Amino acid sequence: MAESTDCHKAQQDFPKVLILKPIPFINLVGEQYFASNKFTFVEAYDSSLPLHQFLSTHSPSIKAILSSVGAPPITSDILHLLPEVGLVVTTSVGLNQVDLLECRRRGIKVANAGSIFSDDVADFAVGLLIDVLRKVSASDGYVRKGLWATKGDYPLGSKLGGKRIGIVGLGNIGFAVAKRLEAFRCSISYNSRKRKPHVSYPFYESVCELAANCDVLVICCELTDHTHHMINKEVLSALGKEGVIVNIGRGAIINEKEMVQCLVQGEIAGAGLDVFENEPDVPLELFAMDNVVLSPHVAVFTPESFLDLRDLVVGNLEAFFSNKPLLSKFGDW
Amino acid sequence: MADQEEEQDNTGDQNHKPQDLPQVLILKPPPVLSVIGEESFLSNKYQFLKAWESPLPLHQFLTAHAGSIQAILCSGASPVTDDLLQLLPSVRLVVTASAGTNHIDLEACHRRGISVTNAGNVFSDDGADAAVGLLIDVLRKITASDRYVRQGLWVSEGDYPLGSKFQLRGKRVGIVGLGGIGLEIAKRLEALGCNVLYTSRKKKTFLSYPFYSDVCQLAAHSDALIICCALTDQTRHMIDKDVFSALGKEGVIVNVGRGAIVDEKEMVRCLVHGEIAGAGLDVFENEPDVPKELFELDNVVLSPHRAVFTPESFMALCELVVGNLEAFFSNKPLLSPVMDV
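In this numbering scheme, every chain counts its residues from 1 along its sequence in written order. By the order in which they are written, chains take letters starting at A while ligands take numbers starting at 1. Totals for whole chains, interfaces and linings use every residue, but because this is a predicted model, local features are given only for residues with pLDDT of at least 70 and side-chain atom pairs only at 80 or more, for both listing and counting. To obtain the side-chain values, all non-hydrogen atoms of the structure were included, while hydrogens and water were left out.

### Let's talk about the overall build of chain A
When its secondary structure is counted, chain A shows 13 helices and 12 strands. Across its three principal directions, the C-alpha atoms of chain A cover 70 × 50 × 35 Å. Accessibility here uses a 1.4 Å probe with only protein chains present; expressed as a share of the type maximum, an area under 20% marks a residue as buried, one over 50% as exposed, and anything in between as partly exposed. Here chain A holds 333 residues, and the buried ones make up 55% of them. Note on definitions: a residue-residue contact is assigned when non-hydrogen atoms from the two residues lie within 4.5 Å. Long-range contacts, defined as pairs at least 24 residues apart, comprise 62% of the intrachain contacts of chain A with a sequence gap of at least 6. For every accessible area listed, the method is Shrake-Rupley and the probe measures 1.4 Å; residues are considered covered only by the protein chains on display. Accessible surface for chain A amounts to roughly 14700 Å². Of this, 52% is attributable to carbon and sulfur atoms. The charge count includes Lys and Arg as positive and Asp and Glu as negative, but it does not include His or the ends of the chains. Lys charges are placed at NZ, Arg charges at CZ, Asp charges at CG and Glu charges at CD. Across chain A, the 31 positively charged side chains and the 38 negatively charged ones have centroids separated by 5 Å. Starting at the N terminus, helices and strands are each numbered in turn, a helix being any DSSP run of H or I of at least four residues and a strand any DSSP run of E of at least two.

### Some words on the pairing of strand 2 (residues 40–43) of chain A
Residue and element names in this part refer to chain A. The side-chain alternation of strand 2 yields two buried faces, one formed by Thr 40 and Val 42 and the other by Phe 41 and Glu 43. Any two strands with at least two DSSP-identified bridges between them are counted as paired. Both strand 1 (residues 16–19) and strand 2 contribute to a ladder of four bridges, which runs parallel. Opposite Lys 16, over in strand 2, you have Thr 40 as the bridge partner.

### Overview of the domain arrangement of chain A
Residues and elements named next belong to chain A. For every domain, the bounds stem from an assignment made automatically or drawn from a database. Domain annotation of chain A identifies domain 1 (16–112 + 303–330) and domain 2 (118–294). Measuring from the centre of the C-alpha atoms in domain 1 to the corresponding centre in domain 2 gives 33 Å. Listed as interface residues are seven residues of domain 1 and, on the opposing side, four residues of domain 2. Note: buried area is the sum, over both parts, of the accessible area (probe 1.4 Å) each one loses when the two are combined. Both faces considered, domain 1 and domain 2 share a buried interface measuring about 430 Å² in area, 43% of it formed by carbon and sulfur atoms. The rule for a salt bridge is simple: a side-chain nitrogen of Lys or Arg has to be within 4 Å of a carboxyl oxygen of Asp or Glu. There are zero salt bridges connecting domain 1 and domain 2.

### Details of the interface of chain A and chain B
Interface extent is often summarised as the accessible area lost during association of the parts. Taken together, the contact between chain A and chain B spans 60 residues of the former and 58 residues of the latter. When residues of chain A are sorted by the area they lose upon contact with chain B, Arg 144, Trp 148 and Leu 156 of chain A head the list and together hold 17% of the total. The tally of links between chain A and chain B comes to six salt bridges. Lys 159 of chain A is the partner of Asp 126 of chain B in a salt bridge, and the nearest nitrogen-oxygen pair spans 2.9 Å. Polar contact criterion, stated in full: a pair of N or O atoms within 3.5 Å, where within protein one must be able to donate a hydrogen and the other to accept it, and residues adjacent in sequence count only if both atoms are side-chain atoms. At the surface where chain A touches chain B, the tally comes to 22 residue pairs in polar contact (both at pLDDT 80 or more). For the side of chain A that touches chain B, the elements supplying multiple residues, two or more each, are helix 6 (118–134), helix 7 (136–144), helix 8 (147–151), helix 9 (172–183), strand 11 (292–294) and helix 13 (303–321) of chain A. Looking at the side of chain A that touches chain B element by element, the count peaks at 10 residues for helix 6 of chain A. In the scheme used here, Gly and all other residues not listed as nonpolar or charged are polar, with Ala, Val, Leu, Ile, Met, Phe, Trp, Tyr, Cys and Pro taken as nonpolar and Asp, Glu, Lys and Arg as charged. Residues belonging to the side of chain A that touches chain B are distributed by class as follows: 32 nonpolar, 11 polar and 17 charged.

### So, the UniProt feature "domain: D-isomer specific 2-hydroxyacid dehydrogenase NAD-binding" (unreviewed entry) in chain A
UniProt positions are given in the numbering used here, feature names are shortened, and annotations may be inferred rather than shown by experiment. UniProt records the feature "domain: D-isomer specific 2-hydroxyacid dehydrogenase NAD-binding" (unreviewed entry) for residues 126–299 of chain A in the present numbering. Between the C-alpha atoms that bound residues 126–299 of chain A the distance is 11 Å, and the span itself is 33% helix and 14% strand.

### So, the state of the cysteines
Any two cysteine sulfur atoms within 2.5 Å of one another count as a disulfide. Applying the stated criterion across every chain, the model contains zero disulfides over all chains. The thiol of Cys 216 of chain B is not disulfide-bonded; the next cysteine sulfur, from Cys 270 of chain B, is found 12 Å away.

### Considerations on helix 9 of chain A
Expected helix span is taken as 1.5 Å per residue step, with the number of steps being one fewer than the number of residues. When the terminal C-alpha atoms of helix 9 of chain A are compared, their 17 Å separation across 12 residues agrees well with the 16 Å that a helix rising 1.5 Å per residue should span. Residues of helix 9 of chain A that are buried: Ile 173, Gly 174, Ala 176, Val 177, Ala 178, Arg 180, Leu 181 and Ala 183 of chain A. Contact partners of the buried residues in helix 9 of chain A: helix 6, strand 6 (164–168), strand 7 (187–191) and strand 8 (216–219) of chain A together with helix 9 (180–191) of chain B. Immediately beyond the C-terminal end of helix 9 of chain A, within one or two residues, lies Arg 185 of chain A, with a positive phi of roughly 65°.

### Here we look at the environment of Phe 14 of chain A
Residue and element names in this part refer to chain A. Structurally, the position occupied by Phe 14 is in the loop between helix 1 (5–13) and strand 1. With 49 residues separating them in the primary sequence, Phe 14 and Lys 63 have C-alpha atoms 9.8 Å apart. In this structure Phe 14 touches Ser 36, Asn 37, Phe 39 and Thr 40, once residues within four positions along its chain are discounted.

### Some remarks on the side chain of Thr 310 of chain B
Position of Thr 310 of chain B among the secondary structure elements: in the loop between strand 11 (300–302) and helix 13 (311–329). Of the polar contacts made by the side chain of Thr 310 of chain B, one reaches the backbone nitrogen of Ser 313 of chain B; its length is 3.0 Å. Other than its neighbours up to four places away in sequence, Thr 310 of chain B contacts Arg 134, Leu 156, Gly 157, Ser 158 and Lys 159 of chain A together with Asp 126 of chain B.

### Let's talk about the domain arrangement of chain B
Residues and elements named next belong to chain B. The domains assigned to chain B are domain 1 (23–118 + 311–330) and domain 2 (123–302). The centre of domain 1, based on its C-alpha atoms, is set 33 Å off from the matching centre of domain 2. Taken together, the contact pairs five residues of domain 1 with four residues of domain 2. Carbon and sulfur atoms make up 62% of the area that domain 1 and domain 2 hide from each other, which totals about 490 Å². Per-residue buried area on domain 1 facing domain 2 is highest for Ala 99, Asn 102 and Ser 313; these three make up 66% of the total on that side. Summed over the shared surface of domain 1 and domain 2, the number is one residue pair in polar contact (both at pLDDT 80 or more).

Structural data, given as structure tokens:
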């Protein structure tokens, strides 16, 4: 990192953006693509100092925090040590790792990934659903093992058209999923924190009621205290033996133990899962099932959306440091 | 209902007094008959004559019954040739339990004044769902990442490599064959934010999608090709070296038509050498044999000619087959006549 003294000095003056843990996304895209003349990153994980000491040392110049999925939560304790912070930016849509109440209290702005992932995640959800219903991955495995030639035809899958889809969480992603599945001749209903006024899809007050009236549940909501383990044995029973669940939200929205049990006992017909309670650990019972499709939390990732995210992260930070409106502000403060 | 019961007793027994009901010849049971069960195909307007149940050699069997066979129920496994029709001068209708008609000599039927019906649009929605599902799977590597997780690699190797996972939005998808299935595919692709292009025997004047008369030109302007046309003399091995070259290294192909529309050897070579980016295949030139080289590839999704079929569409096909036969024998208009020859 040898630089001319001038350059080094100028960088020293830039406002600092704190990163608590390495962000894989930055490494994947390439650190050089996050360079800016408005800010510089300061990496807490690079320091030999214990975190609290590091933060206290650098706090006067830390004006923003860049957080990501899997990073240490941005708690009130951390915010207390960083009185100069005016912005928290996340590389995710979900904000369960940020103490939003505390940010609001302190007037700290928050920016997330907005809706840049919505299309990609929705496409993936549709792909997962078709895969589960039509046994695409299972029959691919069947062919690769040479069984088509020796054992004969693979069992038929199930029709997608006409299925009643229950969207859990009708935000940007949920809405994108709904629009797509309508083109596949599915009917849509939903459950959300609040009924959406300009939406014509039937609304159900409870997830259980939604499940009872649907053939498929697609989990698109955020993980909060309210939604933690919201999908449990009761909901899955309501969904029924022919029911299918797709989760592209967060693993912990589903009571994973109970879901596995339901799958093992045939209480539901199948599942497409991109997220799990304890990634990268996936319940072993699922490996034996061919009515389940498993993906390693990738619904979000395409090379194109990574570049969009880079633009959004850098854009939000630069806007903040130029006193311009944020590109993807979260919340009303 | 009494008629039907009587029929059921007699259908298997060739030595009984000839029935008054017109006879429908079946050389080999179509898959839908085996899957759904013969009972669902029975009617008081006709009777099945099952060639495979007779001890007589086929030629003899056909000659013996030629006078009473007025229709043929067939599928890909039991072709209807001019020679066959020559033996059965009373045949006025061929019903195929498939969308494809490449196993029927349509020109001979036309010449002999024989009507042909096929599966109409029974498979269009399910076929489109399957084709688009395969496209999403290949582009977003759903099956490959399912394998990754099941092999324990998420735990040992870490996050699935981004590699060549493509976004769907904005992709130019070229549909080869804009018939019933092709049109349904187009609708779904639009909802996914793709740009639809196509080639077909004739341009569809009522559609605004860009049309290319040449499949190579289509490939040159597409990020992905979806093959959903019929297999004919013109389309056999239509997807060849030139088309793959035009499609390019980032290009992806999905085939839910017939294996022989694609030069399979060439496609395998292109995939192995990275000259195209991936493939989603529901059909192969020599089913159930699948080129072993494909088993090693992560950018390929293989489906055993199943993706298009669902119990619901098979049921709908059953109703359509019965409906066409009953209409014919009641002198009513056919439900799904094949118009072009």
